[in-house]
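Observations on the three-dimensional arrangement
This is what each chain is made of:
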Amino acid sequence: DVQLQASGGGLVQAGGSLRLSCVASGFTFDDYAIGWFRQAPGKGREGVSYISAGGGSTDYADSVKGRFTISSDSAKNTVYLQMNSLKPDDTAVYYCAAALEGDYDPWDEEDMDYWGTGTLVTVSS
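Residues numbered from 1 in each chain as written. Predicted model: local features only at pLDDT ≥ 70, side-chain atom pairs only at ≥ 80, totals over all residues. Heavy atoms only, no water.

1. Regarding the state of the cysteines
- Taken as a whole, this structure holds 1 disulfide when the rule is applied.
- Between Cys22 and Cys96 runs a disulfide, and the two sulfur atoms are separated by 2.2 Å. In this structure, the disulfide formed by Cys22 and Cys96 twists by about 75° around the S-S bond and is classed as right-handed. Within this pair, whereas Cys22 is found in strand 3 (residues 18-25), its partner Cys96 is found in strand 9 (residues 92-100), the two being separated by 74 residues in sequence. (Disulfide = S-S within 2.5 Å. Helix = DSSP H or I, 4+ residues; strand = E, 2+ residues; numbered from the N terminus.)

In structure tokens, the structure reads:
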């Protein structure tokens, strides 16, 4: 079975840090790009960051550039999202998703092949 298990969320004060993990199983990890999306209360889901298959390319939403860093460990089938200088606006449920490398839009959730469970990040002011 395909699984993407996100973890690492929690409650943190503004200015703090968290590291999210997304562990993949049931598919060939190195063939897939992995993206992080988030959904804040009362809002739609938005792309946060993605890393291409093999980790050669990364990108970030403007709202998190300079604060978040995405990385991958293919030996562990895991993608990480290091989140620093957190703001209350970062409060959301964070999801990881996988898309087969090729012709896809990493910011379009409709292009994702697999979705993981969410992990809640709450940033207090």
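2. Considerations on the environment of Lys65
- Checked against the element boundaries, Lys65 lands in the loop between strand 6 (58-60) and strand 7 (68-73).
- As for Lys65 and Ser49, which are separated by 16 residues in sequence, their C-alpha atoms are 9.0 Å apart.
- With sequence-adjacent residues up to four places away left out, Lys65 is seen in contact with Asp59 and Tyr60. (Contact = heavy atoms within 4.5 Å.)

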